[in-house]
Amino acid sequence: MSNPPLVEVVAAILSRPDDSFLLACRPSGKPYAGYWEFPGGKIEANESPLQALSRELYEELGITVDRAFPWITRVFNYPHATVRLQFYRVTEWQGEPIAREHQQLAWQSIENITVSPLLPANQPILRGLMLPSTYAITNASETGETRSLHMIKQALQHGIKLLQIREKHLTDSQLTRYAQAVLQLAQGTQVKVLINSNIAIAQALGLDGVHLTSAQLLSLDTRPEVDWCGASCHNEEELYHAENLGIDFVTVSPVCPTPSHPNAPTLGWRKLARLIRGYSLPVYALGGLMPDDLIPAQEQGAHGIALMRNL
């Protein structure tokens, strides 16, 4: 029995300033008719993915794409075909989306999906959309705990929604107390709090998850039993293992020189882009970055940026 053909497809996450995104209902006559999906379609011969995306969105929705960032690539096996979906985040376009193929359209928010059924391929995509564009990392080892907690409080007031407690200099008891102080600050906010490497403390305190070191990642055969799990990666082997474990997202570093390792080799933007091209998990670029580096990171295919000293 022959394998199903591989179909190359592009799909668009059309995002408005309020973070709502557009879903379309597959019309009758197509496989999975009546199911909701992200707009897009097949890549034709001699087309680049971005060219295909622009053409499909004009044909389906009547819009002209002005800005689109490569995001994640997922492979899905359907009975009729194996589909490789290259997702783009489209943030700027001309025109108002209209149903040029008489399909139903609906703007949705990640907190309140009101349409169904969704294509099976959409579930990991929706989970990725729950992640914010900025990943904050604590740095009390340099600033001191009092200053660190003050910085976290300010970051929370400015809307930080993903925070990693990374304090390797603390003992378990000290780390537990520090994490409890962070949790107290986080009460009443929407922030997800993860802790670096210490799965036991994450589970004991009911944190939202854990961020694995690269060595820890490679040592594991199964994903930790936490809600959210990130991992530090620096090369293809680590990225591949994170995929296989079903990790939610990764950081890739170092992109730029850092104060702690100013002369260490760095990836730079081009090597980062090559390393994560076609990758299936959301990637945060890490290492010597500033808030203004968010757009350059997304242009290379990253989901966002991780900040420590520039928290």
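Residues numbered from 1 in each chain as written. Predicted model: local features only at pLDDT ≥ 70, side-chain atom pairs only at ≥ 80, totals over all residues. Heavy atoms only, no water.

*Asks:* Describe in detail the overall build of the protein chain, supporting the description with residues and values.
*Replies:* Within the protein chain, the regular secondary structure consists of ten helices and 15 strands. For 311 residues, the compact-globule estimate of 2.2 N^0.38 gives 19 Å, and the C-alpha radius of gyration of the protein chain, at 21 Å, lies within 12% of that figure. Principal axes of the C-alpha set define a box for the protein chain whose edges measure 60 × 40 × 35 Å. Out of the 311 residues in the protein chain, the part that is buried amounts to 50%. (Helix = DSSP H or I, 4+ residues; strand = E, 2+ residues; numbered from the N terminus. Rg over C-alpha atoms; globule rule 2.2 N^0.38 Å. Buried < 20%, exposed > 50% of the residue type's maximum accessible area, 1.4 Å probe, protein only.)

*Asks:* Quick rundown of the packing of aromatic side chains? Include the residues and the values.
*Replies:* Per the stated rule, a full pass over the model turns up nine aromatic pairs. Each ring, one from Trp71 and one from Phe87, has its centre 6.5 Å from the other, and the planes form 85 degrees; the classification is edge-to-face. One end of the pair, Trp71, is in strand β5 (residues 64-77); the other, Phe87, is in strand β6 (residues 82-94), and 16 residues separate them in sequence. Note on Trp71: relative accessible area 5%, which makes it buried. Taken together, a centroid distance of 5.2 Å and an interplanar angle of 90 degrees make the contact between Tyr135 and Phe249 edge-to-face. In this pair, Tyr135 is assigned in strand β8 (residues 134-137) and Phe249 in strand β13 (residues 249-252), connecting sequence segments 114 residues apart. Here Tyr135 matches Phe249 in class, with each residue buried. By the ring-pair criterion, three or more aromatic residues cluster together here, those being Phe21, Phe38, Trp71 and Phe87. Geometry around Trp107 places Arg16 over its ring, the cationic atom sitting 4.0 Å from the centre. (Phe/Tyr/Trp six-rings, centres within 6.5 Å; stacked < 30°, edge-to-face > 60°. Lys NZ or Arg CZ within 6 Å of the ring centre and 35° of its normal.)

*Asks:* Explain unusual backbone geometry to me, using residue names and the numbers behind them.
*Replies:* Cis geometry marks the peptide bond from Ser116 to Pro117, where omega comes out at 0 degrees. Within the element layout of this structure, Pro117 appears in the loop between β7 (105-108) and α2 (123-129). In the Ramachandran plot, Tyr32 falls in the positive-phi region, its phi being about 60 degrees despite a non-glycine side chain. Here Tyr32 is to be found in the loop between β2 (21-25) and β3 (36-37). The phi dihedral of His102 is positive, around 60 degrees, even though this residue is not glycine.

*Asks:* Provide a residue-level description of the sheet that holds strand β15 (residues 304-307), including the pertinent values.
*Replies:* The strands making up a sheet associate through hydrogen bonds between their backbones, and the pairing can be parallel or antiparallel. Read around the closed barrel, eight strands run β8-β9-β10-β11-β12-β13-β14-β15, paired in parallel fashion. On average, each strand axis in the sheet is tilted by 25 degrees relative to the strand beside it, whichever way the strands run. Judged from the two bridges that link them, β8 and strand β9 (residues 162-165) form a sheet pairing that is parallel. If you follow Ala136 over to β9, its bridge partner there is Leu163. (Pairing = 2+ DSSP bridges. Axes fitted to C-alpha atoms, helices over the stretch in contact; angles between N-to-C directions.)

*Asks:* Which residues make up the sheet that holds β6, and what values do they have?
*Replies:* Pairing is mixed across the open sheet formed by four strands, whose spatial order is β4-β1-β6-β5. Strands at the two margins of the open sheet, each flanked by one partner only, are β4 (40-42) and β5. When strand polarity is set aside, the average angle formed by the axes of neighbouring strands in this sheet is 20 degrees. Here β5 pairs with β6 via eleven bridges, running antiparallel. Along β6, the bridge assignment pairs Phe76 with Val83.

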